[in-house]
Amino acid sequence: MNKILLFSSFFIQFLVNAQIKERSLSSQDWQFKNTKDSKWLSAKVPGTVHLDLMNNNVIPDPYKDENEKKAQWVENEDWDYQTQFIVSDAELKNQHIDLVFDGLDTFAEIYLNGKLLKKTDNMFRTWAIPAKSYLKQGENRLQVKFRSAVRVGKELAQKIPFTLPESPRSFVRKAQYQFGWDWGPRLVTAGIWKDVSLRFWNEAQLETVKIEQVRLTPQKADLSVHAEIFAQNAGKYTLSINNQIQDIALKSGINIISLPYQIRNPKFWQPNGWGQPTLYDIKITLQKDSKIITEKKERIGLRIIELIQEKDAKGKSFYFKVNGQPMFAKGTNWIPGDSFSPRMTKERYQKLIRDCKEAHMNMIRVWGGGIYEDDEFYKACDENGILVWQDFMFAGSFYPADENFRENLEAEVKDQIERLQNHPSLAIWCGNNEINEAIVNWGYQKQLSYSKEDSVQVWKDYKTIFHEVIPDAIKKYATADKQIYWPSSPSIGWGHKESLTEGDSHYWGVWWGEQPFEIFNEKVPRFASEYGFQGMPTLETTKSMFSGKPDLSLQNGTIKAHEKHSRGWEIINNYMKRDYVVPEDFVKYNYISQLLQARGMQIAIEAHRRARPYNMGTLYWQLNDCWPVVSWSSIDYLGNWKALHYQVKRSFEEVAILVEEKEKAYDIYLLNDALTDFDGGLQVELLSFEGQPLWVLDAADHLPANSSGKHLTIEKSEFAEFDLSRSVLRLAFNGSAGKAEKLFYFSRPKDLKLSRPAIQIKKISTTEIEISTDVLARDVYLIGNTHFSDNFFDLLPNTSKRIILSEPLERIEVMSLWDTMNE
């Protein structure tokens, strides 16, 4: 026996003796090939076929240049994967050996030593296959053969008498965004996209652990720990919860054991802004004859979440109550962070969620056209106090509801509930993204020439999936405290008046309807779960679109290829003309496009926050990107903050001052999202762009906890004698704890009469600078390959601002709005 095999056998024997039950096969030497070919190439697991083809120089990087087109053939091919691995005699002595695939994308046949073990048809399921009888001592061969999801989808589409929109993606339980979206490429991939392992176990196995919060008070938390245990043989066992031991009797087969567990004087898990998201570790251990058989560890948080819908004079409320307090939801929508999901790292997940926390968010919606995210995503949300609105993976189409589809879906829902339900960040399950709206509003029935019977069947299938299969599975598999369910987001499509008076709303009158940003002040819903506007990515990310020297021109084919909306540039230009001088220079155009996006979202967010408690949530579209692209995101693919994210951080501040312009007056609103009152002083001053005070008002003020209200009205006649195109209204609240500042302009950016600012940058240290100016500097833009703690900000004369850099820079370029108005 060679040294490597000797060490491997010794290590495997050690694992068995040490009670370790999992052995990863992901790190084995994997190979893949096109089914038509004979030559095997090296592969990585977890991975995708596109990544493997790139690593072997078969296709160019689809994110670069116009290479997406060159990768389209991949989706129509079948692909084979294989590896060899050693199984020792000691391992074979385990009573049970399961081959476990955490994720296969999508239609696969699994062979072990030439024997077919399983056929799979769902990217979102875990596949655990009893494999002991197929394994042998020594070398074993594992093969996974993938069929083209596009071709299988087309075959399934032939089985129904009418065409579904976006066919064939509706027929495959696979990430829908892979088929292309108006922010993402079409890269329909395949492969072993999550880990694969061997699971060894004896006597009994802890299949799942669900922790139910039965009752929660400041004095104690009463929990019920539900353990699903498969026992080889009936007998007496012990089950311990954090070393609290309970004798149990198990029958042969599946057992459901529920034991009480109590935490005295619990600390509540609080959403971001309300306190610490306290977490508790729970270890569940199964023993027999004082020997540990298996154990699981869960990390939970103690909190009470309610979805409140109550009829009122204007319709019906829609808000979340957290730990007894109404919570105004501030947040965003999440799409997959990469078109090739295995490339997402723990560090990228953690950073993006920390960026949400830093921007004062408390909720994020996992959009239904992507994937049920990696465990690290939910872990990061737990740790940072970010509540999760979790869509099931359906988006913007019609879906079949035949028996096979229903059974497959129930198994998918079961897997995801059992994986996710213990996370304290999980707030709500939602059936789908925009399918109710698609059926009612988008006119597919007419476009696809449906008969009356076809239309009836579509609606019947919708009801079956989202009002029967999914909610029934939630009731069956989720604990009672994790069963909040909402069938479709939005509940009513935009354009219907009820979409603003009840439920959640996707308001797309801005962008899709091409209405001006100011319409956000009128179209205020009860809960805004989608709205948005596009902006270009940062210069660094724009340059990353090119494999060679970047050609930064709006006419460049690569730049055009990274705008996936068919009318994107036209819409951006039309909006830009309304509010800004449209630059000819590419760098300045990039800058203004980001300012434009930030301006639109600022107007929307402020309208929503002012309207509290009528409106109780604002989740803009979208946080992130899956590749370098012109999109609705506030953080681009490389993780850089666009102007929008800096603005969101300001707009979502805990204490905020907002101004609403009326016909004859300006109404001043003060907001306080904290759970404590603040007393302080409100100062309002009209300043010239040179910093000269023109009008001043000081008043004492009281800011109630968890509230929004109008605190002051200023008649327009007060400012009649001043040139408001050369003036800015500065408002500041200095409270006992909370502080806020707001600069309000009376004209659109293009109509401001700005002077050229002399912006000074003083180096404080290698990672800190101080910015100052002689006159108002609007939208100061610091340029450099580092993260600035603030950017795209306004700076008044006679003031300074300190900025922290994530990495030192030799040289920092600076630009302001004035530069774009005087090319």
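The structure reproduced in this document is the subject of the present report. (Residues numbered from 1 in each chain as written. Predicted model: local features only at pLDDT ≥ 70, side-chain atom pairs only at ≥ 80, totals over all residues. Heavy atoms only, no water.)

1. Side note on the sheet that holds strand S1 (residues 22-24)
Turning to step 1, where the next piece is worked out: Strand order in this open sheet of four strands is S1-S12-S5-S8, and the pairing throughout is antiparallel. The strands lining the two open edges of the sheet, one partner per strand, are S1 and strand S8 (127-130). Ignoring strand direction, the axes of neighbouring strands in this sheet form an average angle of 25 degrees. (Pairing = 2+ DSSP bridges. Helix = DSSP H or I, 4+ residues; strand = E, 2+ residues; numbered from the N terminus. Axes fitted to C-alpha atoms, helices over the stretch in contact; angles between N-to-C directions.)

2. A short note on the pattern of salt bridges
Turning to step 1, where the next piece is worked out: As enumerated under the stated definition, the model contains 56 salt bridges in all.
Turning to step 2, where the next piece is worked out: For the salt bridge of Lys 36 with Glu 77, the shortest nitrogen-to-oxygen distance reads 3.2 Å. A residue pair is termed long-range when its members are at least 10 positions apart, and Lys 36 in the loop between strand S2 (30-34) and strand S3 (41-43) and Glu 77 in the loop between helix H2 (49-55) and strand S4 (79-87) qualify at 41 residues.
Turning to step 3, where the next piece is worked out: You can call Glu 77 buried: its relative accessible area is 14%.
Turning to step 4, where the next piece is worked out: For the salt bridge of Lys 742 with Glu 606, the shortest nitrogen-to-oxygen distance reads 2.7 Å. Linking Lys 742 in strand S39 (residues 739-745) with Glu 606 in helix H14 (residues 586-610), this pair joins segments that are 136 residues apart in sequence.
Turning to step 5, where the next piece is worked out: We classify Lys 742 as buried; its relative accessible area is 9%.
Turning to step 6, where the next piece is worked out: In the salt-bridge network here, residues are joined through shared partners; they are Lys 330, Arg 609, Arg 612 and Asp 673. (Salt bridge = Lys/Arg side-chain N within 4 Å of Asp/Glu carboxyl O. Buried < 20%, exposed > 50% of the residue type's maximum accessible area, 1.4 Å probe, protein only.)

3. Considerations on the side chain of Thr 538
Turning to step 1, where the next piece is worked out: Tracing the backbone shows Thr 538 in the loop between strand S31 (528-530) and helix H11 (539-543).
Turning to step 2, where the next piece is worked out: On the basis of relative accessible area, Thr 538 is assigned to the buried category, the value being 12%.
Turning to step 3, where the next piece is worked out: Polar contacts involving the side chain of Thr 538 include one to the side chain of Asp 636, which spans 2.6 Å.
Turning to step 4, where the next piece is worked out: There is a polar contact of 3.1 Å between the side chain of Thr 538 and the side chain of Asn 640.
Turning to step 5, where the next piece is worked out: Excluding residues within four positions of it along the chain, Thr 538 makes contact with Asn 590, Gln 594, Asp 636, Asn 640, Trp 641 and Lys 642. (Polar contact = N/O pair within 3.5 Å; in protein donor to acceptor, adjacent residues only side chain to side chain. Contact = heavy atoms within 4.5 Å.)

4. Some points on the environment of Asn 706
Turning to step 1, where the next piece is worked out: With respect to the element layout, Asn 706 can be found in the loop between strand S36 (693-703) and strand S37 (707-715).
Turning to step 2, where the next piece is worked out: By relative accessible area, which is 14% here, Asn 706 ends up buried.
Turning to step 3, where the next piece is worked out: When the C-alpha atoms of Asn 706 and Arg 186 are compared, they prove to be 44 Å apart, with 520 residues separating the residues in sequence.
Turning to step 4, where the next piece is worked out: In this view, Asn 706 contacts Trp 274, Gln 325, Pro 326, Arg 612, Asn 672, Asp 673, Ala 674 and Leu 675; residues no more than four positions away in its chain are not counted.
Turning to step 5, where the next piece is worked out: Reaching out from Asn 706, the side chain makes a polar contact with the backbone oxygen of Pro 326 at a distance of 2.8 Å.

5. So, unusual backbone geometry
Turning to step 1, where the next piece is worked out: Here Ser 167 and Pro 168 are connected by a cis peptide whose omega angle stands at 15 degrees.
Turning to step 2, where the next piece is worked out: Of note, Pro 168 is situated in the loop between helix H4 (149-157) and strand S10 (179-181).
Turning to step 3, where the next piece is worked out: Geometrically, the link from Arg 612 to Pro 613 is a cis peptide bond, its omega value of 10 degrees lying close to zero.
Turning to step 4, where the next piece is worked out: Relative to the helices and strands, Pro 613 is located in the loop between H14 and strand S32 (617-620).
Turning to step 5, where the next piece is worked out: Positive phi values are uncommon outside glycine, yet His 360 reaches one of about 65 degrees.
Turning to step 6, where the next piece is worked out: Relative to the helices and strands, His 360 is located in the loop between helix H5 (346-358) and strand S26 (363-366).
Turning to step 7, where the next piece is worked out: Exposure remark for His 360: the relative accessible area of 26% places this residue in the partly exposed category.

6. Overview of the sheet that holds strand S14 (residues 220-231)
Turning to step 1, where the next piece is worked out: Ordered in space as S13-S14-S17, the three strands form an open sheet in which the pairing is antiparallel. This sheet does not close on itself; its edge strands, each paired only once, are strand S13 (204-216) and strand S17 (253-264). Along the sheet, successive strands turn relative to each other by an average axial angle of 20 degrees, direction set aside.

7. Details of the packing of H14 against helix H15 (residues 643-651)
Turning to step 1, where the next piece is worked out: Where H14 contacts H15, the two axes come as close as 8 Å, and the packing angle between them is 25 degrees. What the angle tells us is that H14 and H15 run roughly parallel. Where H14 crosses over H15, the handedness of that crossing is right-handed. Together, Gln 594, Leu 595, Gln 597, Ala 598, Met 601, Gln 602, Ile 605, Glu 606 and Arg 609 of H14 and Ala 643, Leu 644, Gln 647, Val 648 and Ser 651 of H15 make up the contact between the two elements.
Turning to step 2, where the next piece is worked out: Residues that form the contact of H14 with H15 fall into these classes: seven nonpolar, five polar and two charged. (Parallel < 35°, antiparallel > 145°, perpendicular 65-115°, else oblique. Left-handed = near helix turned anticlockwise from the far one by under 90°. Nonpolar A, V, L, I, M, F, W, Y, C, P; charged D, E, K, R; others polar.)

8. With respect to H14
Turning to step 1, where the next piece is worked out: Compared with an ideal rise of 1.5 Å per residue, which puts 25 residues at 36 Å, H14 spans 36 Å between its outermost C-alpha atoms and is within 8% of the ideal.
Turning to step 2, where the next piece is worked out: Of all 25 residues making up H14, 23 are buried, and the element is well covered by its neighbours.
Turning to step 3, where the next piece is worked out: Capping the start of H14, Asp 585 holds a side-chain oxygen 3.1 Å from the backbone nitrogen of Val 587, two or three residues further along. (Expected span 1.5 Å × (residues − 1).)

9. Topic: the side chain of His 423
Turning to step 1, where the next piece is worked out: Mapping His 423 onto the fold places it in the loop between helix H7 (403-420) and strand S28 (426-430).
Turning to step 2, where the next piece is worked out: Residue classification places His 423 among the buried residues on the basis of a relative accessible area of 14%.
Turning to step 3, where the next piece is worked out: For His 423, the contacting residues outside a window of four places in its chain are Arg 303, Asp 375, Tyr 378, Lys 379, Asp 382 and Lys 482.

10. Observations concerning the pairing of strand S27 (residues 387-391)
Regular strands place their side chains on alternate faces of the sheet.
Turning to step 1, where the next piece is worked out: With five of five residues buried, S27 is to be regarded as a mostly interior element.
Turning to step 2, where the next piece is worked out: Burial of the side chains of S27 extends over both faces: Leu 387, Trp 389 and Asp 391 are buried on one face and Val 388 and Gln 390 on the other.
Turning to step 3, where the next piece is worked out: Strand direction decides the pairing type here: S26 and S27, joined by four bridges, are parallel. For Ile 364, the partnering residue across the bridge sits in S27 and is Val 388.
Turning to step 4, where the next piece is worked out: Handedness of the crossover joining S26 and S27 through helix H6 (residues 375-384): right-handed.
Turning to step 5, where the next piece is worked out: Relative to S28, S27 runs parallel, the two being bridged by four bridges. The residue of S28 that forms the bridge with Gln 390 is Trp 429. (Right-handed = clockwise from strand over helix to strand, strands pointing away.)

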